[in-house]
Each structure stands twice: as structure tokens, then as C-alpha cells.
Amino acid sequence: MKFGIVVNEGPYQHQASDSAYLFAKAAIESGHEVWRVFFYHDGVNNASRLTEPPQDDRNIVNRWTKLAEEHKVDLVVCVAAALRRGIKEENLAQGFRISGLGQLVESGIKCDRLVTFGD
Amino acid sequence: MSDNKKFMFVNRKAPYGTIYALESLEVVLITAAFDQDVSLAFLDDGVYQLKKGMQTKGIETKNFSPTYRALEDYDVEKLYVEKEAMEARGLNEDDFIVGVTVLSRAEMGKLMDEQDVVLSF
Amino acid sequence: MLHIVNKSPLTSGTLESCLNTMADGGDVLLIEDAVYAATKGNAYESKLSAAMGRCKVHVLMPDLEARGLGDRLMAGVAGVDYAGFVGLAVSNKNCQSWL
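Not measured: the values here are computed from a predicted model.

A.B. asks: Would you mind showing me how to read the interface of chain A and chain B here?
C.D. replies: The interface is formed by 18 residues belonging to chain A together with 20 residues belonging to chain B. In this assembly, chain A packs against chain B so that about 1600 Å² is buried in total across both faces, 62% of it on carbon and sulfur atoms. For chain A, the biggest contributors to the area lost against chain B are His41(A), Val105(A) and Ile109(A); these three give 34% of the whole. For the interface between chain A and chain B, the tally reads one salt bridge. Here Arg84(A) and Glu23(B) are joined by a salt bridge, their closest N and O atoms 3.5 Å apart. For the pair chain A and chain B, the interface holds seven residue pairs in polar contact (both at pLDDT 80 or more). Those elements that provide at least two residues to the side of chain A that touches chain B are helix 4 (102–110) and strand 5 (113–117) of chain A. Sorting elements by how many residues they give to the side of chain A that touches chain B places helix 4 of chain A first, with six residues. Residues that form the side of chain A that touches chain B fall into these classes: eight nonpolar, five polar and five charged.

A.B. asks: Please explain the packing of aromatic side chains as it appears in this structure.
C.D. replies: Remark: the centre distance and the inter-plane angle together describe each pair of aromatic rings, the angle taken between the planes. A complete count under the given rule lists 15 aromatic pairs over all chains for this structure. Taken together, a centroid distance of 5.9 Å and an interplanar angle of 65° make the contact between Phe38(A) and Tyr40(A) edge-to-face. Taken as a pair, Phe38(A) and Tyr40(A) share a single burial class, namely buried. Here the aromatic residues Phe3(A), Phe23(A), Phe117(A), Tyr82(C) and Phe85(C) are joined through ring pairs into a cluster of three or more. A cation over an aromatic ring shows up here: Lys13(B) above the ring of Tyr20(B), its NZ or CZ 4.7 Å from the ring centre.

Thresholds applied
- Residues numbered from 1 in each chain as written.
- Chains lettered and ligands numbered in written order.
- Predicted model: local features only at pLDDT ≥ 70, side-chain atom pairs only at ≥ 80, totals over all residues.
- Heavy atoms only, no water.
- Contact = heavy atoms within 4.5 Å.
- Buried area = accessible area lost by both parts, 1.4 Å probe.
- Salt bridge = Lys/Arg side-chain N within 4 Å of Asp/Glu carboxyl O.
- Polar contact = N/O pair within 3.5 Å; in protein donor to acceptor, adjacent residues only side chain to side chain.
- Helix = DSSP H or I, 4+ residues; strand = E, 2+ residues; numbered from the N terminus.
- Nonpolar A, V, L, I, M, F, W, Y, C, P; charged D, E, K, R; others polar.
- Phe/Tyr/Trp six-rings, centres within 6.5 Å; stacked < 30°, edge-to-face > 60°.
- Buried < 20%, exposed > 50% of the residue type's maximum accessible area, 1.4 Å probe, protein only.
- Lys NZ or Arg CZ within 6 Å of the ring centre and 35° of its normal.

This is the structure we're talking about:
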């Protein structure tokens, strides 16, 4: 089955990004495809490569990058939400790309299920 | 797989306190541009999004509520308000900026079940 | 339909709205702070029990365990891990996150 995932909250503040990541990982381990993860609202902060968590904490941004590299997951950051919050190409983490809300709608159309994580 | 799906946007948050109501409208307009079957549902404090007479000058924020009236230009005509939520807030249909269909909770739950994609804001 | 709820019923009306509105026969999955709804002795326990005639209630165990309540699961609620969460999303034809 093909999954789309939406992340509406930023990393470290709310559990949404952790829940979304663990869901994505479990879906892949169960033999499903995670076609796209769409980062919206404060969720765009998951894509900042300037993030530096303490060493004993999980690295949420790198975890998404790794998932994208290993399983060809398309990580899309909402352009309007990103520009409002200072997320641009110049500070975008590897594996993410910036695009429009059409990519969210397309996830709903193309995927068998669209699961949202937010506040 | 069909490329025409039933999308429902479930709005449960009040406007201005958070950005979600405004963002929901953005996605609604894009979804309509993709020629999908679009419904908007207003539950809980989301009902307040439709209140007419918003004056946002004092909070220096754009009043986005006229957009609800423009939705029909995009062929978005299915706006549903949950009756119990509306009544619990002392509102009636005359308070809304746009014409809506008022549904009971049970009718709303059934309609949700019929959707392909439900996005919550 | 799979209904995903992530807020404690003791501070938010979200679970109440979900249970009041959802059509009979659906699955409810409690994640993040909503897991408190499924613990023995919490003030919402009787309301959640009453809803179980109309829907099946599941709780994400990693979230319950993280909150120190892994041993307080109330009767009638099924514990699932993330793979179980994925399974619920697959077995229901659609899903909704009550944010």
C-alpha cells in the first residue's frame, strides 16, 4: 500500500514529527511504500539543516534525511509556510525539497492513505 | 485508481488564535483546482470561522473570511456545519458569512465515512 | 474509518467530539497525550467504556509506556505498536486525525 504522511508541527516542541517518523518507519518495515511526507505549518522546521540538537538527543532532521535516502521517500516542504519561517534552499537539509501545496493534494490523490500528524 | 477523490476538510479550530483556518482555505482552493470533490466540515470552534462581521484591523491581521463567499467561484459548494456545535455557541445560520448545510452529528459522521481523504485543520 | 486522537480528554474536548460524531463501527486509536484516556481510574474511563459498544478502541503502547502507564491499561482497550498502527490504517478504508 502507498502511504502519504503530513507533518504539521516542528521538531522538538511537539511529538508529531516523532510519531510521523516512527509510523513511516513501521510502514516501510511492514512492506508498504511511503511515497511522500509533506511538511506544513511549523512542520517546515523539520527541514532546517542548521538544527543542532544536544548529542544525547535524537537528530530529527537527520533521521528524515536518512529515511529519504534509504527508502526513496519524497520529503516536500510547503513553500509558503517555509518562506514565512525562514526555511529556504540555502538552509534546507539534504533529502528535502521545497514545493507548493499542490504536492499535498497530489499525495491525497495518488496515495491509498494519507495520515496527518499535528497538534 | 481514480484520479477524482472525495476530499473533506475538517475545521475544528477558531480563526486568528492559530493559523489553521487560513491554511485550510488555501488547501481547499488548490484541491478544487485539481478537480477533486471538495467538502468543508465545520465542527467545534471551527464553526466560528464562518461568523460574519469580522473586523481584524485592530489585530493587524488580514480578514480572510470573504474567501468563504468566493468558494462557489471554484465550484466548492459543500459547506457543512455540525448542528450541535453551532447551537452550543449560540449561533444560527444567519450568523454565517456564507450559506451552509446544517447537519446533525450522526449525519456528519456518516459523511466523513464516505470520504477518500480527510484533512484536519 | 480509523479515527486518530492525540489529546488527553481531561484537558481537551477532542476525544469527546470524535466519539460523539463518528459513525458506528469505526476504529479509534489513541496516540500521544490521548493515551491517558485509556488508563484505569481516569475520570474519562466510564465515557470511553460506554463508547466501546459502538467502536473499537486501540492505544499506542509505546506512547502509554513512555508516560509510565504501560501497566494501567483499562479493560476493553487493545494495545498496539507502530506496526499495529500501520495495520489499522491499512484495514480501514480511510482515516482521520482529530487535530
